[in-house]
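Geometric and topological summary
What follows is each chain in one-letter form.
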Amino acid sequence: MPDEPFPTFRVGTPHDMLALGAWLAGLLVPGDLVVLAGPLGAGKTVLVSGIAVGLGSAERVTSPTFVLVHEHRDGKAPLLHVDAYRLSRPAEVADLDLDLDSSVTAVEWGEGLVEDFGAGLPSGHLLVRIQRPVGVGGGVGEGADEERTVRLEPGTPAWAARLRRVVALAPAAVLFDLDGVLADSTDAVERHWIQFAERHGMDPGTVLAGAHGRRSVDHVAELLAGAPPDYIAAENVLVEQIEVADNEGVTGLPGAAALWAALDAGRPGAPVAVVTSGTTALARARLGIAGLAVPSVLVTADDVTAGKPDPQGYERAAHLLGAATGECLVVEDSTAGVEAGRAAGSSVLGLLTTHSAADLGAADLVAEDLSAVLALDGRLWVRTLG
(Lines give C-alpha, C1' and ligand atoms only; values in the text may rest on other atoms or scores of the structure.)
Protein backbone atom coordinates (compact mmCIF):
# COMPACT_ATOMS: atom_id res chain seq x y z
CA MET A 1 0.00 0.00 0.00
CA PRO A 2 2.67 2.62 0.85
CA ASP A 3 4.24 2.10 -2.60
CA GLU A 4 1.25 3.77 -4.25
CA PRO A 5 1.68 7.45 -5.22
CA PHE A 6 0.05 8.84 -2.10
CA PRO A 7 0.30 12.56 -1.29
CA THR A 8 3.82 13.89 -0.75
CA PHE A 9 4.32 17.57 0.10
CA ARG A 10 7.35 19.84 0.06
CA VAL A 11 7.01 22.10 3.10
CA GLY A 12 9.28 25.15 3.28
CA THR A 13 8.31 26.98 6.48
CA PRO A 14 6.62 26.39 9.85
CA HIS A 15 3.67 28.41 8.52
CA ASP A 16 3.34 25.95 5.63
CA MET A 17 3.48 23.04 8.10
CA LEU A 18 0.67 24.62 10.12
CA ALA A 19 -1.39 25.08 6.96
CA LEU A 20 -0.81 21.45 5.97
CA GLY A 21 -1.93 20.29 9.41
CA ALA A 22 -5.10 22.40 9.27
CA TRP A 23 -5.91 21.00 5.83
CA LEU A 24 -5.14 17.44 6.95
CA ALA A 25 -7.65 17.84 9.79
CA GLY A 26 -10.39 17.87 7.16
CA LEU A 27 -9.60 14.22 6.41
CA LEU A 28 -9.83 13.16 10.05
CA VAL A 29 -12.77 11.83 12.04
CA PRO A 30 -13.10 10.64 15.65
CA GLY A 31 -11.38 7.28 16.08
CA ASP A 32 -8.54 8.12 13.70
CA LEU A 33 -4.94 7.52 14.76
CA VAL A 34 -2.26 9.66 13.10
CA VAL A 35 1.35 8.55 13.64
CA LEU A 36 3.92 11.25 12.91
CA ALA A 37 7.40 9.85 12.29
CA GLY A 38 10.55 11.89 11.91
CA PRO A 39 13.69 13.16 13.61
CA LEU A 40 13.75 15.72 16.39
CA GLY A 41 13.02 19.16 14.99
CA ALA A 42 11.31 17.81 11.88
CA GLY A 43 8.12 19.75 12.65
CA LYS A 44 5.88 17.04 14.10
CA THR A 45 4.52 19.25 16.90
CA VAL A 46 3.96 22.11 14.44
CA LEU A 47 1.94 19.77 12.23
CA VAL A 48 -0.16 18.70 15.22
CA SER A 49 -0.70 22.39 16.01
CA GLY A 50 -2.18 22.76 12.54
CA ILE A 51 -4.41 19.73 13.05
CA ALA A 52 -5.69 21.34 16.25
CA VAL A 53 -6.48 24.55 14.35
CA GLY A 54 -8.30 22.56 11.66
CA LEU A 55 -10.36 20.81 14.33
CA GLY A 56 -11.33 24.19 15.78
CA SER A 57 -9.24 24.08 18.94
CA ALA A 58 -8.02 27.40 20.28
CA GLU A 59 -5.72 25.82 22.85
CA ARG A 60 -1.97 26.13 22.40
CA VAL A 61 -0.29 22.89 21.32
CA THR A 62 3.07 22.05 22.91
CA SER A 63 5.19 18.94 22.90
CA PRO A 64 3.80 16.28 25.27
CA THR A 65 7.29 14.95 26.03
CA PHE A 66 7.13 15.58 29.77
CA VAL A 67 3.49 14.58 30.29
CA LEU A 68 3.15 11.83 27.64
CA VAL A 69 -0.35 13.03 26.62
CA HIS A 70 -1.97 16.43 26.06
CA GLU A 71 -5.76 16.53 25.63
CA HIS A 72 -7.45 19.30 23.64
CA ARG A 73 -11.23 19.07 23.94
CA ASP A 74 -12.45 22.50 22.78
CA GLY A 75 -12.67 21.70 19.05
CA LYS A 76 -15.09 19.89 16.76
CA ALA A 77 -13.54 16.61 17.93
CA PRO A 78 -11.26 15.96 20.92
CA LEU A 79 -7.56 15.81 20.02
CA LEU A 80 -5.19 13.57 21.97
CA HIS A 81 -1.53 14.47 21.44
CA VAL A 82 0.76 11.63 22.49
CA ASP A 83 4.56 11.45 22.76
CA ALA A 84 5.45 7.82 22.06
CA TYR A 85 9.22 8.15 22.42
CA ARG A 86 9.04 6.62 25.89
CA LEU A 87 6.82 3.70 24.93
CA SER A 88 8.54 0.33 24.57
CA ARG A 89 6.27 -0.78 21.75
CA PRO A 90 3.73 0.90 19.46
CA ALA A 91 0.81 -1.17 20.71
CA GLU A 92 1.13 0.56 24.08
CA VAL A 93 -0.71 3.53 22.56
CA ALA A 94 -3.86 1.44 22.94
CA ASP A 95 -2.96 0.69 26.57
CA LEU A 96 -2.90 4.33 27.76
CA ASP A 97 -6.53 4.28 28.94
CA LEU A 98 -7.47 7.06 26.52
CA ASP A 99 -10.79 7.60 24.77
CA LEU A 100 -9.42 6.75 21.35
CA ASP A 101 -12.77 5.93 19.76
CA SER A 102 -14.28 9.40 20.17
CA SER A 103 -11.04 11.37 19.65
CA VAL A 104 -8.51 12.11 16.94
CA THR A 105 -5.20 10.81 18.27
CA ALA A 106 -1.88 12.19 17.01
CA VAL A 107 1.19 10.24 18.11
CA GLU A 108 4.72 11.62 17.70
CA TRP A 109 7.18 8.83 16.91
CA GLY A 110 10.95 8.96 16.61
CA GLU A 111 13.11 8.52 13.54
CA GLY A 112 13.76 4.85 12.84
CA LEU A 113 11.14 3.56 15.27
CA VAL A 114 8.55 3.12 12.55
CA GLU A 115 10.98 0.94 10.62
CA ASP A 116 11.84 -1.04 13.78
CA PHE A 117 8.29 -1.50 15.02
CA GLY A 118 6.12 -0.76 11.98
CA ALA A 119 4.47 -4.16 12.06
CA GLY A 120 3.33 -3.44 15.59
CA LEU A 121 1.63 -0.12 14.86
CA PRO A 122 -2.00 -0.06 15.98
CA SER A 123 -4.45 -0.90 13.21
CA GLY A 124 -6.31 1.86 11.42
CA HIS A 125 -3.49 4.40 11.46
CA LEU A 126 -2.33 7.04 9.01
CA LEU A 127 1.44 7.36 8.96
CA VAL A 128 2.78 10.87 8.35
CA ARG A 129 6.47 10.56 7.55
CA ILE A 130 8.44 13.82 7.83
CA GLN A 131 11.96 14.07 6.44
CA ARG A 132 14.36 16.98 6.45
CA PRO A 133 17.69 17.58 4.72
CA VAL A 134 20.66 15.85 6.33
CA GLY A 135 22.53 18.13 8.72
CA VAL A 136 19.64 20.56 9.26
CA GLY A 137 19.12 21.82 12.81
CA GLY A 138 15.75 21.61 14.47
CA GLY A 139 13.16 23.61 16.32
CA VAL A 140 12.24 27.18 15.59
CA GLY A 141 15.86 28.23 15.32
CA GLU A 142 18.42 26.87 12.90
CA GLY A 143 16.86 24.97 10.03
CA ALA A 144 13.25 25.84 10.82
CA ASP A 145 12.74 27.25 7.30
CA GLU A 146 14.55 24.40 5.51
CA GLU A 147 12.34 22.37 3.24
CA ARG A 148 10.81 19.23 4.68
CA THR A 149 9.18 16.37 2.80
CA VAL A 150 5.91 15.14 4.27
CA ARG A 151 4.47 11.86 2.97
CA LEU A 152 1.10 10.41 3.90
CA GLU A 153 1.09 6.60 4.06
CA PRO A 154 -2.17 4.72 4.72
CA GLY A 155 -2.18 1.92 7.27
CA THR A 156 -5.43 0.37 6.00
CA PRO A 157 -7.35 0.03 2.72
CA ALA A 158 -9.93 2.46 4.15
CA TRP A 159 -7.23 5.09 4.64
CA ALA A 160 -5.90 4.39 1.15
CA ALA A 161 -9.38 5.08 -0.24
CA ARG A 162 -9.55 8.37 1.68
CA LEU A 163 -6.17 9.48 0.34
CA ARG A 164 -7.19 8.68 -3.22
CA ARG A 165 -9.77 11.47 -2.90
CA VAL A 166 -6.89 13.96 -2.61
CA VAL A 167 -6.18 15.49 -6.02
CA ALA A 168 -3.13 17.60 -6.85
CA LEU A 169 -3.58 20.30 -9.51
CA ALA A 170 -1.14 22.68 -11.18
CA PRO A 171 -3.29 25.12 -13.19
CA ALA A 172 -1.76 28.04 -15.05
CA ALA A 173 -4.31 30.31 -13.34
CA VAL A 174 -7.23 30.02 -10.94
CA LEU A 175 -10.47 31.81 -11.82
CA PHE A 176 -12.81 32.25 -8.86
CA ASP A 177 -16.47 33.07 -8.76
CA LEU A 178 -17.18 35.46 -5.88
CA ASP A 179 -20.57 34.89 -4.24
CA GLY A 180 -20.80 31.40 -2.79
CA VAL A 181 -17.09 30.74 -3.34
CA LEU A 182 -15.18 33.52 -1.59
CA ALA A 183 -18.04 35.30 0.20
CA ASP A 184 -21.26 34.02 1.70
CA SER A 185 -23.88 36.43 0.39
CA THR A 186 -26.80 33.99 0.35
CA ASP A 187 -28.88 35.87 2.92
CA ALA A 188 -28.38 39.20 1.15
CA VAL A 189 -29.05 37.77 -2.32
CA GLU A 190 -32.25 36.05 -1.21
CA ARG A 191 -33.41 39.10 0.74
CA HIS A 192 -33.01 41.36 -2.30
CA TRP A 193 -34.80 39.02 -4.70
CA ILE A 194 -37.63 38.35 -2.26
CA GLN A 195 -38.11 42.12 -2.08
CA PHE A 196 -38.18 42.18 -5.89
CA ALA A 197 -40.81 39.42 -5.90
CA GLU A 198 -42.94 41.31 -3.39
CA ARG A 199 -42.72 44.55 -5.40
CA HIS A 200 -43.95 42.75 -8.51
CA GLY A 201 -46.40 40.31 -6.97
CA MET A 202 -44.36 37.29 -8.01
CA ASP A 203 -43.76 33.96 -6.30
CA PRO A 204 -40.52 34.31 -4.28
CA GLY A 205 -39.54 30.71 -4.98
CA THR A 206 -39.77 31.25 -8.70
CA VAL A 207 -37.72 34.44 -8.50
CA LEU A 208 -35.02 32.85 -6.31
CA ALA A 209 -34.73 29.77 -8.52
CA GLY A 210 -32.79 31.63 -11.20
CA ALA A 211 -31.03 34.23 -9.06
CA HIS A 212 -27.79 32.54 -8.05
CA GLY A 213 -24.79 32.83 -10.33
CA ARG A 214 -26.37 35.11 -12.92
CA ARG A 215 -26.20 38.82 -13.77
CA SER A 216 -29.09 40.79 -12.34
CA VAL A 217 -29.68 42.41 -15.74
CA ASP A 218 -30.32 38.97 -17.28
CA HIS A 219 -32.52 37.80 -14.43
CA VAL A 220 -34.59 41.00 -14.33
CA ALA A 221 -35.10 40.88 -18.10
CA GLU A 222 -36.29 37.28 -17.84
CA LEU A 223 -38.66 37.98 -14.95
CA LEU A 224 -40.13 41.09 -16.58
CA ALA A 225 -40.28 39.71 -20.12
CA GLY A 226 -42.72 41.78 -22.20
CA ALA A 227 -42.38 44.94 -20.13
CA PRO A 228 -41.07 48.15 -21.78
CA PRO A 229 -37.24 48.15 -22.08
CA ASP A 230 -36.94 51.42 -20.12
CA TYR A 231 -38.92 49.93 -17.25
CA ILE A 232 -36.75 46.79 -17.21
CA ALA A 233 -33.59 48.90 -17.24
CA ALA A 234 -34.84 51.06 -14.37
CA GLU A 235 -35.74 48.00 -12.30
CA ASN A 236 -32.26 46.54 -12.85
CA VAL A 237 -30.65 49.80 -11.73
CA LEU A 238 -32.74 49.65 -8.56
CA VAL A 239 -31.68 46.03 -7.92
CA GLU A 240 -28.01 46.94 -8.38
CA GLN A 241 -28.31 49.92 -6.04
CA ILE A 242 -29.93 47.78 -3.34
CA GLU A 243 -27.22 45.11 -3.72
CA VAL A 244 -24.41 47.61 -3.13
CA ALA A 245 -26.17 49.40 -0.29
CA ASP A 246 -27.32 46.32 1.65
CA ASN A 247 -24.62 43.76 2.41
CA GLU A 248 -25.82 42.87 5.89
CA GLY A 249 -24.90 39.28 6.69
CA VAL A 250 -22.19 38.97 4.03
CA THR A 251 -19.10 37.16 5.36
CA GLY A 252 -16.03 35.38 4.06
CA LEU A 253 -16.47 31.66 3.46
CA PRO A 254 -14.35 28.97 5.18
CA GLY A 255 -10.88 28.67 3.73
CA ALA A 256 -11.16 31.76 1.52
CA ALA A 257 -8.84 34.05 3.46
CA ALA A 258 -6.16 31.38 3.98
CA LEU A 259 -6.16 30.35 0.32
CA TRP A 260 -6.20 33.98 -0.85
CA ALA A 261 -3.13 34.68 1.28
CA ALA A 262 -1.34 31.52 0.15
CA LEU A 263 -1.92 32.47 -3.50
CA ASP A 264 -0.90 36.08 -2.77
CA ALA A 265 -3.97 36.91 -4.84
CA GLY A 266 -3.70 40.67 -4.39
CA ARG A 267 -0.18 40.81 -5.82
CA PRO A 268 0.08 42.41 -9.25
CA GLY A 269 0.60 39.64 -11.76
CA ALA A 270 -0.70 36.86 -9.52
CA PRO A 271 -2.33 34.14 -11.69
CA VAL A 272 -5.66 34.71 -9.99
CA ALA A 273 -8.90 36.32 -11.17
CA VAL A 274 -12.40 36.88 -9.87
CA VAL A 275 -15.21 36.42 -12.40
CA THR A 276 -18.57 37.45 -10.98
CA SER A 277 -22.09 38.08 -12.15
CA GLY A 278 -22.26 41.14 -9.89
CA THR A 279 -21.27 44.65 -10.83
CA THR A 280 -17.80 46.06 -10.22
CA ALA A 281 -19.04 48.17 -7.31
CA LEU A 282 -20.72 45.16 -5.71
CA ALA A 283 -17.69 42.90 -6.24
CA ARG A 284 -15.32 45.37 -4.63
CA ALA A 285 -17.69 45.86 -1.71
CA ARG A 286 -18.07 42.14 -1.02
CA LEU A 287 -14.37 41.38 -1.41
CA GLY A 288 -13.69 44.12 1.11
CA ILE A 289 -16.25 42.76 3.55
CA ALA A 290 -14.66 39.30 3.23
CA GLY A 291 -11.24 40.81 3.92
CA LEU A 292 -9.86 39.79 0.52
CA ALA A 293 -7.62 41.94 -1.64
CA VAL A 294 -8.99 42.82 -5.07
CA PRO A 295 -6.96 40.87 -7.65
CA SER A 296 -5.42 42.51 -10.68
CA VAL A 297 -7.97 40.80 -12.91
CA LEU A 298 -11.57 41.37 -11.88
CA VAL A 299 -14.21 40.56 -14.49
CA THR A 300 -17.74 41.64 -13.58
CA ALA A 301 -21.16 42.04 -15.13
CA ASP A 302 -19.99 45.44 -16.36
CA ASP A 303 -17.27 43.84 -18.53
CA VAL A 304 -19.28 41.32 -20.56
CA THR A 305 -22.21 41.37 -22.92
CA ALA A 306 -23.44 37.91 -21.91
CA GLY A 307 -23.46 36.49 -18.40
CA LYS A 308 -23.06 32.95 -17.09
CA PRO A 309 -23.65 30.27 -18.32
CA ASP A 310 -22.01 32.02 -21.28
CA PRO A 311 -18.22 31.52 -20.99
CA GLN A 312 -17.37 35.10 -21.95
CA GLY A 313 -16.34 36.16 -18.43
CA TYR A 314 -13.95 33.26 -17.90
CA GLU A 315 -12.53 33.60 -21.40
CA ARG A 316 -11.85 37.29 -20.76
CA ALA A 317 -10.18 36.59 -17.40
CA ALA A 318 -7.90 33.94 -18.89
CA HIS A 319 -6.97 36.26 -21.75
CA LEU A 320 -6.10 39.10 -19.35
CA LEU A 321 -3.91 36.72 -17.35
CA GLY A 322 -2.18 35.46 -20.50
CA ALA A 323 -3.35 31.88 -19.91
CA ALA A 324 -5.16 29.43 -22.13
CA THR A 325 -8.62 28.64 -20.79
CA GLY A 326 -7.84 24.93 -21.05
CA GLU A 327 -4.99 25.40 -18.56
CA CYS A 328 -7.11 27.25 -15.99
CA LEU A 329 -9.09 26.02 -13.02
CA VAL A 330 -12.51 27.58 -12.49
CA VAL A 331 -13.95 27.50 -8.96
CA GLU A 332 -17.74 27.77 -8.86
CA ASP A 333 -20.78 27.09 -6.69
CA SER A 334 -23.69 27.46 -9.12
CA THR A 335 -25.02 25.45 -12.02
CA ALA A 336 -24.71 28.43 -14.39
CA GLY A 337 -21.14 29.06 -13.25
CA VAL A 338 -20.09 25.44 -13.69
CA GLU A 339 -21.58 25.45 -17.18
CA ALA A 340 -19.71 28.67 -17.99
CA GLY A 341 -16.39 27.21 -16.87
CA ARG A 342 -16.93 24.03 -18.83
CA ALA A 343 -17.98 25.98 -21.92
CA ALA A 344 -14.73 27.95 -21.64
CA GLY A 345 -12.81 24.67 -21.79
CA SER A 346 -11.49 24.94 -18.23
CA SER A 347 -11.41 22.35 -15.49
CA VAL A 348 -14.05 23.15 -12.88
CA LEU A 349 -14.02 22.66 -9.13
CA GLY A 350 -17.55 22.83 -7.75
CA LEU A 351 -18.16 23.83 -4.12
CA LEU A 352 -21.17 22.69 -2.11
CA THR A 353 -21.72 26.07 -0.49
CA THR A 354 -24.92 26.91 -2.35
CA HIS A 355 -26.09 23.91 -4.35
CA SER A 356 -26.03 20.13 -4.06
CA ALA A 357 -23.55 17.85 -5.81
CA ALA A 358 -26.32 16.85 -8.22
CA ASP A 359 -26.70 20.48 -9.30
CA LEU A 360 -22.95 20.69 -9.93
CA GLY A 361 -22.81 17.42 -11.85
CA ALA A 362 -20.87 18.91 -14.76
CA ALA A 363 -17.97 19.90 -12.47
CA ASP A 364 -14.76 17.89 -12.80
CA LEU A 365 -14.20 17.86 -9.03
CA VAL A 366 -16.46 18.61 -6.07
CA ALA A 367 -15.44 19.75 -2.56
CA GLU A 368 -17.20 21.18 0.49
CA ASP A 369 -15.64 24.67 0.39
CA LEU A 370 -12.26 26.36 0.03
CA SER A 371 -11.00 24.91 3.32
CA ALA A 372 -10.63 21.72 1.25
CA VAL A 373 -8.03 23.44 -0.97
CA LEU A 374 -4.39 23.78 0.11
CA ALA A 375 -1.92 25.87 -1.91
CA LEU A 376 1.51 24.37 -1.25
CA ASP A 377 4.71 23.74 -3.21
CA GLY A 378 3.30 25.25 -6.40
CA ARG A 379 0.24 23.03 -6.47
CA LEU A 380 -3.34 23.02 -5.27
CA TRP A 381 -4.22 20.00 -3.14
CA VAL A 382 -7.98 19.35 -3.08
CA ARG A 383 -9.85 17.11 -0.66
CA THR A 384 -12.58 16.02 -3.04
CA LEU A 385 -15.81 14.27 -2.14
CA GLY A 386 -15.03 11.44 -4.52
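Before reading on, note that the structure itself is shown above.
Residues numbered from 1 in each chain as written. Predicted model: local features only at pLDDT ≥ 70, side-chain atom pairs only at ≥ 80, totals over all residues. Heavy atoms only, no water.

1. A word on the overall build of the protein
Looking only at helices and strands, one finds twelve helices and 18 strands in the protein. Across the 386 residues that make up the protein, the buried fraction comes to 49%. The long-range fraction of contacts in the protein, counting pairs at least 24 apart against all pairs at least 6 apart in sequence, stands at 65%. In the structure as shown, the protein presents an accessible area of about 16,400 Å², 53% of it carried by carbon and sulfur atoms. (Helix = DSSP H or I, 4+ residues; strand = E, 2+ residues; numbered from the N terminus. Buried < 20%, exposed > 50% of the residue type's maximum accessible area, 1.4 Å probe, protein only. Contact = heavy atoms within 4.5 Å. Areas by Shrake-Rupley, 256 points an atom, 1.4 Å probe, with all protein chains shown as cover.)

2. Focus: the pairing of strand S1 (residues 8-11)
Burial along S1 is one-sided: the face carrying Phe9 and Val11 is buried and the face carrying Thr8 and Arg10 is not. Where S1 lies against strand S7 (residues 148-154), four bridges are found, and the strand directions are antiparallel. Of the residues in S7, the one forming a bridge with Arg10 is Thr149. (Pairing = 2+ DSSP bridges.)

3. Structural notes on the sheet that holds strand S18 (residues 379-383)
Within the open sheet, the three strands sit side by side as S8-S18-S17. Their pairing is antiparallel. Bordering the open sheet on either side are strand S8 (166-169) and strand S17 (373-376), each of which pairs with just one other strand. In this sheet, adjacent strand axes meet at a mean angle of 20° when their direction is disregarded. Here S17 pairs with S18 via four bridges, running antiparallel. Residue pairing across strands places Val373 opposite Val382, the latter belonging to S18. Strands S8, S17 and S18 of the sheet are contacted by helix H1 (residues 14-25), whose axis makes an angle of about 160° with S17. Contacting S17 and S18, helix H9 (residues 256-263) runs over the sheet at an angle of about 20° to S17. (Axes fitted to C-alpha atoms, helices over the stretch in contact; angles between N-to-C directions.)

4. A few points about the packing of H1 against helix H2 (residues 44-54)
The N-to-C vectors of H1 and H2 enclose an angle of 45°; their axes lie 6 Å apart at closest approach. Considering their axes alone, H1 and H2 lie oblique with respect to each other. The handedness of the crossing between H1 and H2 comes out as right-handed. Here H1 contributes Pro14, Met17, Leu18, Leu20, Gly21, Ala22, Leu24 and Ala25 to the contact with H2, which in turn contributes Val46, Leu47, Ser49, Gly50, Ile51 and Gly54. (Parallel < 35°, antiparallel > 145°, perpendicular 65-115°, else oblique. Left-handed = near helix turned anticlockwise from the far one by under 90°.)

5. Here's the deal with the side chain of Asp246
Tracing the backbone through its elements, the reader meets Asp246 in the loop between helix H8 (229-245) and strand S11 (251-252). Taking relative accessible area as the criterion, Asp246 reaches 19% and is therefore assigned buried. A distance of 3.3 Å separates a polar side-chain atom of Asp246 from the backbone nitrogen of Glu248. Discounting residues that sit within four places of it in the chain, Asp246 has contacts with Ala188, Arg191 and His192. (Polar contact = N/O pair within 3.5 Å; in protein donor to acceptor, adjacent residues only side chain to side chain.)

6. A look at the nonpolar core
Phe9, Leu20, Trp23, Leu24, Leu79, Val128 and Val150 are the most contacted members of the largest nonpolar core, which totals 35 residues. With five residues, the top contributor of residues to this core is H1. Beyond its immediate chain neighbours, meaning those up to four positions away, Trp23 contacts Phe9, Val166, Ser371, Ala372, Val373, Leu374, Trp381, Val382 and Arg383. Core analysis: the next-biggest nonpolar cluster, separate from the first, contains 32 residues, Val250, Ala265, Leu298 and Ala367 among them. (Core = buried A, V, L, I, M, F, W, Y, C linked by side-chain atoms within 4.5 Å.)

7. Some words on the environment of Ala245
Tracing the backbone through its elements, the reader meets Ala245 in helix H8. For Ala245, a relative accessible area of 69% corresponds to the exposed category. Taking C-alpha positions, Ala245 is 9.3 Å from Ala285, a pair spaced 40 residues apart along the chain.

8. A closer look at the sheet that holds strand S16 (residues 365-367)
In spatial order, the strands read S13-S12-S9-S14-S15-S16; together these six strands make up an open sheet with parallel pairing. Only two strands of the sheet have a single partner each, and these edge strands are strand S13 (297-299) and S16. With direction set aside, neighbouring strand axes in the sheet form an average angle of 20°. Examined bridge by bridge, strand S9 (residues 173-176) and strand S14 (residues 328-332) share four bridges and lie parallel to one another.

9. Focus on the environment of Gly341
Here Gly341 is to be found in helix H12 (residues 335-343). Judged by its relative accessible area of 0%, Gly341 falls in the buried class. For Gly341 and Glu315, which are 26 residues apart along the polypeptide, the C-alpha to C-alpha distance reads 8.7 Å. Apart from the residues lying within four places of it in its own chain, the contact partners of Gly341 are Tyr314, Val330, Ser346 and Val348.

10. As for unusual backbone geometry
A cis amide bond links Lys308 to the next residue, Pro309, at an omega of 15°. Checked against the element boundaries, Pro309 lands in the loop between S13 and helix H11 (312-321). You will see that Asp264, though not glycine, has its phi angle at about 50°, which is positive. With respect to the helices, strands and loops of the structure, Asp264 is situated in the loop between H9 and strand S12 (272-275).

11. Focus: the packing of aromatic side chains
Inspection of the entire model under this criterion finds four aromatic pairs. Relative to Trp23, the ring of Phe9 lies with its centre 5.8 Å away and its plane at 70°, an arrangement referred to as edge-to-face. Residue Phe9 is found in strand S1, and its partner Trp23 is found in helix H1; the two are separated by 14 residues along the sequence. Using a relative accessible area of 3% as the deciding quantity, one classes Trp23 as buried. Members of the aromatic cluster, each reached through a chain of ring pairs, are Phe9, Trp23 and Trp381. In this structure, Arg162 packs its charged tip against the face of Trp159, placed 3.9 Å from the ring centre. (Phe/Tyr/Trp six-rings, centres within 6.5 Å; stacked < 30°, edge-to-face > 60°. Lys NZ or Arg CZ within 6 Å of the ring centre and 35° of its normal.)

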